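Reading the structure
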There are 2 protein chains.
Amino acid sequence: MINNNHDPLPSWHEGKVKQRILEFVEQVTTPESEHFVVEEERIATFDNDGTLWVEKPLLAQMAFYKKELLDADVLEDASKIKRAVNWSIRGVKDLGGLTKMLVGYFRAGITTDEYRERVAQWIAKAEHPRYKRKYTELVYQPMQEVLQFFTEHGFTNYIVSGGSANFIRPWADEVYNVPENRIIASSSRTRLSKRDNELAVKLEAMPFSFEYRSGKVLGIERRLAKRPIAAFGNSLGDVEMLRWARTTQQSLCVLIHHTDDVREYKYGPDPRFHFGKSTLKFAQELNWQVVDMKNDWQTLFNFETSSNKEV
Amino acid sequence: MINNNHDPLPSWHEGKVKQRILEFVEQVTTPESEHFVVEEERIATFDNDGTLWVEKPLLAQMAFYKKELLDADVLEDASKIKRAVNWSIRGVKDLGGLTKMLVGYFRAGITTDEYRERVAQWIAKAEHPRYKRKYTELVYQPMQEVLQFFTEHGFTNYIVSGGSANFIRPWADEVYNVPENRIIASSSRTRLSKRDNELAVKLEAMPFSFEYRSGKVLGIERRLAKRPIAAFGNSLGDVEMLRWARTTQQSLCVLIHHTDDVREYKYGPDPRFHFGKSTLKFAQELNWQVVDMKNDWQTLFNFETSSNKEV
């Protein structure tokens, strides 16, 4: 049945995860089904880094900051930021080098509009070091199919990310078909600047919310006041969100497991030095679907490369 | 032309505010117009208390708290709350009586689901002291018409309120046709409780965000990353939001002025003891539309009472 015209998930190998996704969508969208869910409640939440696109060897947002902070060529006002960085180095002694520079970057007084514009400019050109492709080309084709399949069946898809909302917003609508107001993600504090009688929202060098682990649940609850019925993640940071997805029969909880070191990267879902219950243990106990990238995904990306071929 | 089948705002008297609203919607929805705005950008933001419904003599949310805190009959676990109140009275000496009780109320450990359920139960029965009607009947019919007129023309309406999001959510979809995820409003901190392996989000007795004055702009920016093209408010708390609404020719900024002490309440937009620039001064300088409730609104509510008749 693979790749025929009626398969909504052609990049997925036939297998129990694909079967479960198809079965889930059929159950919640069939009015006669005991698991039927009305459209307004068909909320699906997706982690971003490592779940919808490649997060190795360096998170895209970190690659952006490296470029912004270290490559003076791209800085319109490098000296201003350098001054702020120097200032912050004096003020904030205990933080690491990149953090110090980030503090300086925000203290230099960037507006949310300017920040998103810089992200947009960066992502239009930046190249992933291994694939030599734009980051937005490195979204997983099988997940693109899930997003589209859900949308076609009355779901509302949300991105729930530990990365910055303002880093994701400039490109998520075009790439994922998820608009700005459906990005639930970490954010800095902001303040309203009224200089010259012009209002502008400026970013501050202080966290406002951190959508990681419990923070993902709190962010979803604060924004939607509803539980998702489907949730996708790939790491310990997503465990609470997957547990929060309505835990009745009809909910769909999927963990993407990075098992493919030929076409992508091979790594576990837990951060180094994690000693609590492992993510895979949660997956097992709570009966989540675990995607074995190597064996469940026929195609990884929407382009042809050697690293995209099946092994 | 009033009340014929083609008038989208039949409760409004003919006048310059009504004309401006009609003209605005025509401009931004006519592709040939130089002020045309695509649907995704047709964001309209509405303050709630005093803009969409009656806020005197006491904010509905305060009436709810009074009932919740002072009437033991409605409390399922009154003694638990009383203990928490006593505890908080010892811990928090400088706050007023109601604030102390509120701290106790939240410290007793209410989940967001429980809180919204209590609001839903209260609002289904509570009666406004003057009109002897449910609070949800005290929404302004002229504003209901604006909400609907906007919706019919591809706008997305948001409530932006200094009140609690969780107080507004239980009834806003039914009353305003604005769903849970389009309420941008104040919130308490929350935490994720994992007792008995069941996840629940509990409210804490600490503010998380306060959507008042600049906070309204920051809340809109954080959630939508877009400026509204239309904004409605009635008080100093809305000044920054109205200023933030895109200030080009095509934006619509409306201040509801409570001028009608026969059918409603007569009061100015500024809080007592405010010494900065007055809200009406902002309205004048920035060329906002000011609704004179007494003369611009033909009907106030969607029911017949003496207080609803024209003077």
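Residues numbered from 1 in each chain as written. Chains lettered and ligands numbered in written order. Predicted model: local features only at pLDDT ≥ 70, side-chain atom pairs only at ≥ 80, totals over all residues. Heavy atoms only, no water.

All names here are of chain B. Most of strand E6 (residues 252–259) sits inside the fold, with eight of its eight residues counted as buried. The two faces of E6 match: Leu252, Val254, Ile256 and His258 on one face and Cys253, Leu255, His257 and Thr259 on the other face are all buried. Note that strand E5 (residues 230–233) and E6 share four bridges and pair parallel. Residue Gly233 lies in a different strand from E6, and its bridge partner there is Leu255. Pairing analysis gives four bridges linking E6 to strand E8 (residues 289–292), with the strands arranged parallel. Across the sheet, the residue bridging to Ile256 is Val291, located in E8. (Buried < 20%, exposed > 50% of the residue type's maximum accessible area, 1.4 Å probe, protein only. Helix = DSSP H or I, 4+ residues; strand = E, 2+ residues; numbered from the N terminus. Pairing = 2+ DSSP bridges.)

Here the structure, examined in full by the defined rule, presents 32 salt bridges over all chains. One salt bridge in this structure joins Glu14 of chain A and Lys18 of chain A, with 2.9 Å as the shortest N-O distance. Glu14 of chain A sits in the partly exposed class, given a relative accessible area of 38%. Overall, the relative accessible area of 1% leaves Lys18 of chain A in the buried class. Between Lys18 of chain B and Asp7 of chain B there is a salt bridge, with its nearest N and O atoms 2.7 Å apart. With Lys18 of chain B in helix H1 (residues 16–29) and Asp7 of chain B in the segment before H1, the pair connects residues that are 11 residues apart, well separated along the chain. What makes Asp7 of chain B buried here is its relative accessible area of 11%. (Salt bridge = Lys/Arg side-chain N within 4 Å of Asp/Glu carboxyl O.)

Residue and element names in this part refer to chain B. Taking 1.5 Å per residue, 14 residues should reach 20 Å; H1 reaches 20 Å between its end C-alpha atoms and fits that length. When we look at burial in H1, the residues that qualify are Val17, Lys18, Arg20, Ile21, Phe24, Val25 and Val28. Axial view of H1: buried residues confined to an arc of 165°, hence all on one face. Turned more than 90 degrees from where H1 packs its buried face, Lys16 and Glu26 sit exposed. (Expected span 1.5 Å × (residues − 1). Arc of directions from axis to C-beta.)

Put simply, the second copy of the chain is the first one after a rotation about an axis and a shift along it. Expressed as a screw operation, the relation of chain B to chain A combines 0.0 Å of axial shift with a rotation of 180°, fitting to an RMSD of 0.0 Å. One copy is carried onto the other by what is essentially a two-fold rotation axis. Relative to the rotation axis, the closest C-alpha in chain B is found at Arg223 of chain B, a distance of 4.2 Å. (Least-squares fit on C-alpha atoms with pLDDT ≥ 70 in both.)

What follows concerns the pairing of strand E5 (residues 230–233) of chain A. Residue and element names in this part refer to chain A. Judged by which residues are buried, E5 turns out to be covered on both faces: Ala230 and Phe232 on one side and Ala231 and Gly233 on the other are all buried. Summarising the sheet, strand E1 (residues 43–46) and E5 pair through three bridges and their orientation is parallel. Each residue of the ladder has a partner; that of Thr45, found in E5, is Ala231.

The next thing to look at is the packing of aromatic side chains. Aromatic rings in a pair are described by how distant their centres are and how their planes are angled relative to each other. Residue and element names in this part refer to chain A. Across all of its chains, the model carries 50 aromatic pairs over all chains by this definition. For the pair Trp53 and Trp171, a centre-to-centre distance of 4.4 Å together with 20° between the ring planes defines the contact as stacked. Here Trp171 lies in helix H7 (residues 165–176) and Trp53 lies in the loop between E1 and helix H2 (60–70), a separation of 118 residues in the sequence. Judged by relative accessible area, which is 4%, Trp171 ranks as buried. Joined through ring pairs, the aromatic side chains of Trp53, Phe64, Tyr65, Phe106, Tyr115, Trp122, Tyr135, Phe167, Trp171 and Tyr176 make up one cluster. A cation over a ring is seen here: Arg130 above Tyr265, with NZ or CZ 5.0 Å from the ring centre. Taking the ring centre of Phe282 as reference, the NZ or CZ of Lys277 above it sits at 4.8 Å. (Phe/Tyr/Trp six-rings, centres within 6.5 Å; stacked < 30°, edge-to-face > 60°. Lys NZ or Arg CZ within 6 Å of the ring centre and 35° of its normal.)

Attention now moves to the confidence of the model for chain A. All names here are of chain A. Considering every residue of chain A, the mean pLDDT works out to 88; 86% of them sit at 70 or more. Scored below 50 in pLDDT, residues 72–76 shows seven contacts in the model against residues more than four places distant or in partner chains. Within the model, the stretch residues 86–95 combines pLDDT values under 50 with 12 contacts to residues more than four positions away or in other chains. With a pTM of 0.90, the predicted complex shows an ipTM of 0.89. (pLDDT = per-residue confidence, 0-100. Contact = heavy atoms within 4.5 Å.)

This brings us to the interface of chain B and chain A. Many structure descriptions define interface size as the accessible area lost when the parts assemble. Of the residues lining the interface, 30 residues belong to chain B; the matching set on chain A comes to 30 residues. A combined buried area of about 2,900 Å² lies between chain B and chain A, and 52% of that area is made up of carbon and sulfur atoms. Across the chain B-chain A interface, the total number found is 14 residue pairs in polar contact (both at pLDDT 80 or more). Counting residues per element, the side of chain B that touches chain A draws most heavily on helix H8 (residues 214–224) of chain B, at seven residues. The residue makeup of the side of chain B that touches chain A, split by class, is 11 nonpolar, seven polar and 12 charged. (Buried area = accessible area lost by both parts, 1.4 Å probe. Polar contact = N/O pair within 3.5 Å; in protein donor to acceptor, adjacent residues only side chain to side chain. Nonpolar A, V, L, I, M, F, W, Y, C, P; charged D, E, K, R; others polar.)

Residues and elements named next belong to chain A. Interaxial distance between helix H1 (residues 16–29) and helix H6 (residues 141–152) falls to 11 Å at its minimum, and their mutual angle equals 15°. Comparing the axis directions of H1 and H6 gives the class roughly parallel. Where H1 crosses over H6, the two elements pack in a sense that is right-handed. Along the contact surface, H1 presents Ile21, Leu22, Phe24 and Val25, while H6 presents Val146, Phe149 and Phe150. Residue classes in the contact of H1 with H6 are distributed as seven nonpolar, no polar and no charged. (Axes fitted to C-alpha atoms, helices over the stretch in contact; angles between N-to-C directions. Parallel < 35°, antiparallel > 145°, perpendicular 65-115°, else oblique. Left-handed = near helix turned anticlockwise from the far one by under 90°.)

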